[in-house]
Amino acid sequence: MVEAVLIDLFSLPATLQNNIQGLLHNTLEAVEKYSAIHAPCVYVMCCQRQGSEKKDEQEFLLAALRGFQSLKRLEVVCAQTTAAALYTIKQRLDEKDLSIIKVILPTIRKDLMKVYIDYLFTAVYQFEFEDLQVISDSESLQISEHQHEGQILPSQDIALIRSEIQMYLESLPSLKGELTILRSSLIPDDIFLHGFTTRAGGISYIPTLSSCNLFSSSKRRDPQVVVKENLRRLANAAGFNPETFHRVKVDHANAVCIMGKTEPHDYDGIVTDQKGVTLAAPGADCIPVLFADPVRKACGAAHSGWKGTLLGVSMATVNAMVSEYGCNVKDILVVLGPSVGPCCYQLPHESAKEFYRIDPKCVRLFDSANPYIDIRRATRILLERGGILPENIQDDSITDQNQNITFCTACHPDKFYSHFRDGTNFGTQIGFISIKD
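Scoring rules and cut-offs
- Residues numbered from 1 in each chain as written.
- Predicted model: local features only at pLDDT ≥ 70, side-chain atom pairs only at ≥ 80, totals over all residues.
- Heavy atoms only, no water.
- Pairing = 2+ DSSP bridges.
- Helix = DSSP H or I, 4+ residues; strand = E, 2+ residues; numbered from the N terminus.
- Axes fitted to C-alpha atoms, helices over the stretch in contact; angles between N-to-C directions.
- Left-handed = near helix turned anticlockwise from the far one by under 90°.
- Contact = heavy atoms within 4.5 Å.
- Nonpolar A, V, L, I, M, F, W, Y, C, P; charged D, E, K, R; others polar.
- pLDDT = per-residue confidence, 0-100.
- Buried < 20%, exposed > 50% of the residue type's maximum accessible area, 1.4 Å probe, protein only.
- Core = buried A, V, L, I, M, F, W, Y, C linked by side-chain atoms within 4.5 Å.
- Domains from an automatic or database assignment.
- Phe/Tyr/Trp six-rings, centres within 6.5 Å; stacked < 30°, edge-to-face > 60°.
- Lys NZ or Arg CZ within 6 Å of the ring centre and 35° of its normal.
- Disulfide = S-S within 2.5 Å.
- Polar contact = N/O pair within 3.5 Å; in protein donor to acceptor, adjacent residues only side chain to side chain.
- 1 Å grid on protein atoms, 1.4 Å probe; cavity = no way out; pocket = protein on both sides within 12 Å on 5 of 7 lines; lining within 4 Å.
- Points joined across faces, edges and corners; volume = space filled by probe spheres on them.
- Expected span 1.5 Å × (residues − 1).
- Arc of directions from axis to C-beta.

### Thoughts on the sheet that holds strand 9 (residues 245-247)
Within a sheet, neighbouring strands are paired by backbone hydrogen bonds and run either parallel or antiparallel to one another. Strand order in this open sheet of five strands is 7-8-19-12-9, and the pairing throughout is mixed. Two strands bound the open sheet, and with one partner strand each, they are strand 7 (181-182) and strand 9. Across three bridges, the pairing between strand 9 and strand 12 (residues 278-283) is parallel. Each bridged residue has a counterpart across the sheet, and for F245 the counterpart in strand 12 is T278.

Structural data, given as structure tokens:
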């Protein structure tokens, strides 16, 4: 069932401007007929023109909207670019949690529109297209059910669309305050650039993703272009190059990627000794773990959820630094970033047993059906057993809590994303590190 209808009047030929009212009236009439029972939201997308042209066109559109009372939610969206108009409509769809959209548009716009949609939406949304037949030498303006078989757009056209989208996203104001980066006092800042992000300072607007979400997935509503813009803003604030940014490909296991060697299909750890290359690990309850060896000048990042913790992903990352770059395990510094704490995180009893075997102190209320788990303590214990010095690990157990950056993500909705707290459409923060040039 169609939940929303988008009528694209954005770039009608100038000779047809006087026919906008009739065109829209006919289109709405058709929408009304096939949606008599379940009235969808209807959005009319048009170009925002200057001066009297803008006023005249809006009056035409408003006149055409009158009389369609059965279409409960009907809105005209005028903008200077297709990217701006479509992104505004996406916001309206997301506010109402709508995902199934019919797009009615001139045949010549279909291939272009599909490219815009590919960049601005994810697989969460379903689109169907209906042709709006515009006949320039006649007063007749009609809808056709005929599905146009589009041609592939030239690469230069696609590049122009990407540029238009990027320019628009760059123009948007940051949300939820200034972009904030948490840094550890353990990692020497004369050698390494590093930090952990919070949720402030990006452009993601969906409540559970707002605002500096740094991960896109086919199951979430934030498209890759928005995440890329958030990353660009982070890179500017932190001082790294987003073009040499490498994030782990999460598998909730213990594989490690060695920069410069064949990249595994999936991995939760990554290491390098190359300067100017930024490594990153995501976290939205799972621990983003950073590694730094100031002696051999090597670094790493790991994503450690409960499965990765049990599989020893942190020590796997340490061992990769030792074997690849000749690091001494006693020189390696390890910082655990914001992650879900034992105050909030529960697992089924069978999974909790594995943490109990590491150390009983890793589990609270062990005899319950869903005990509370301390994945940070388990990570520290496994690192110390592997030879990392206790004083070279920073987590929430440090004495001076003013230096604490290992906050509980679930407990701080104003600062961090949390899958445990927010559900499936959750945002993601990261820990990042690089060796300075």
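So that's the structure; there's more coming.
### Details of the packing of helix 8 (residues 313-325) against helix 10 (residues 375-385)
The contact between helix 8 and helix 10 brings their axes to 9 Å, and the two run at 35°. In this structure, helix 8 meets helix 10 at a crossing whose hand is right-handed. Contacts between helix 8 and helix 10 involve S314, M315 and V318 on the former and, on the latter, T379, L382 and L383. Class assignment of the residues belonging to the contact of helix 8 with helix 10 gives a composition of four nonpolar, two polar and no charged.

### Regarding the confidence of the model for the protein
Mean pLDDT over the protein stands at 90; residues scoring 70 or higher make up 88%. With pLDDT under 50 throughout, residues 137-148 is counted as low confidence; its partners more than four residues away or in other chains account for 30 contacts.

### Notes on the pairing of strand 4 (residues 100-106)
Of all seven residues that make up strand 4, six are buried, and the element is covered over most of its length. Taken together, the four bridges between strand 1 (residues 4-8) and strand 4 define a ladder with parallel strand orientation. Across the sheet, V5 pairs through a bridge with K102, a residue of strand 4.

### What to know about the nonpolar core
Side chains of a nonpolar character, in soluble globular proteins, are inclined to be buried together. Ranked by internal contacts, the top residues of the largest apolar core, which has 40 residues, are L86 and L169. For this core, the secondary-structure elements that each account for two or more residues are strand 1, strand 2 (41-47), strand 3 (74-79), helix 3 (82-95), strand 4, helix 4 (110-120), helix 5 (155-171) and helix 6 (224-238). For this core, the leading source of residues is helix 3, giving seven residues. Counting the residues that make up this core, at least three belong to each of domain 1 (4-135 + 150-171) and domain 2 (181-435). Sequence-distant contacts of L169, defined by excluding residues within four places in its chain, comprise Y87, I203, V225, V226, E229 and R233. C327, A352, C362 and I388 belong to the second-largest nonpolar core, a separate cluster that totals 36 residues.

### Side note on the packing of aromatic side chains
Applying the stated rule across the entire model yields nine aromatic pairs. Relative to F245, the ring of F240 lies with its centre 5.7 Å away and its plane at 15°, an arrangement referred to as stacked. A cation sits over an aromatic face here: R220 above F426, 3.8 Å from the ring centre.

### Section: the state of the cysteines
Within the structure shown, the criterion is met by zero disulfides. Sulfur of C299: no disulfide; nearest cysteine sulfur belongs to C327 and is 9.6 Å away. The exposure class assigned to C299 is buried, which follows from its relative accessible area of 0%.

### Remarks on the side chain of T309
Following the sequence through the fold, T309 ends up in helix 7 (residues 306-311). At a separation of 2.7 Å, a polar atom in the side chain of T309 contacts the side chain of S304. Looking at T309, its side chain comes within polar contact range of the main-chain oxygen of G305, at 2.7 Å. Sequence-distant contacts of T309, that is, excluding residues within four places in its chain, are made with S304, F355, I375, A378, T379 and L382.

### Looking at empty space enclosed by the protein
Scanning the model with the defined rule gives three cavities of 30 Å³ or more in all. Considered as a void within the structure, the largest cavity measures approximately 40 Å³ in volume. Every residue along the wall of the largest cavity is listed here: S304, G308, T309, G312, V313, S314, M315, T379 and L382. The set of elements that each furnish at least two residues to the lining of the largest cavity consists of helix 7, helix 8 and helix 10. Per-element accounting of the lining of the largest cavity gives the leading share, three residues, to helix 8. Residues that form the lining of the largest cavity fall into these classes: three nonpolar, six polar and no charged.

### Some remarks on helix 5
With 17 residues, helix 5 ought to run about 24 Å at 1.5 Å a step, and its terminal C-alpha atoms sit 24 Å apart, in line with that. Turning to helix 5, its buried residues are I161, I165, Y168 and L169. Axial view of helix 5: buried residues confined to an arc of 100°, hence all on one face. Across helix 5 from its buried face, at more than 90 degrees, point the exposed residues S155, Q156, L160, M167 and S171.

### Examining the environment of R199
Here R199 shows up in the loop between strand 8 (192-197) and helix 6. Owing to a relative accessible area of 4%, R199 belongs among the buried residues under this scheme. Distance from R199 to D414, taken between C-alpha atoms, is 7.7 Å for residues 215 residues apart in sequence.

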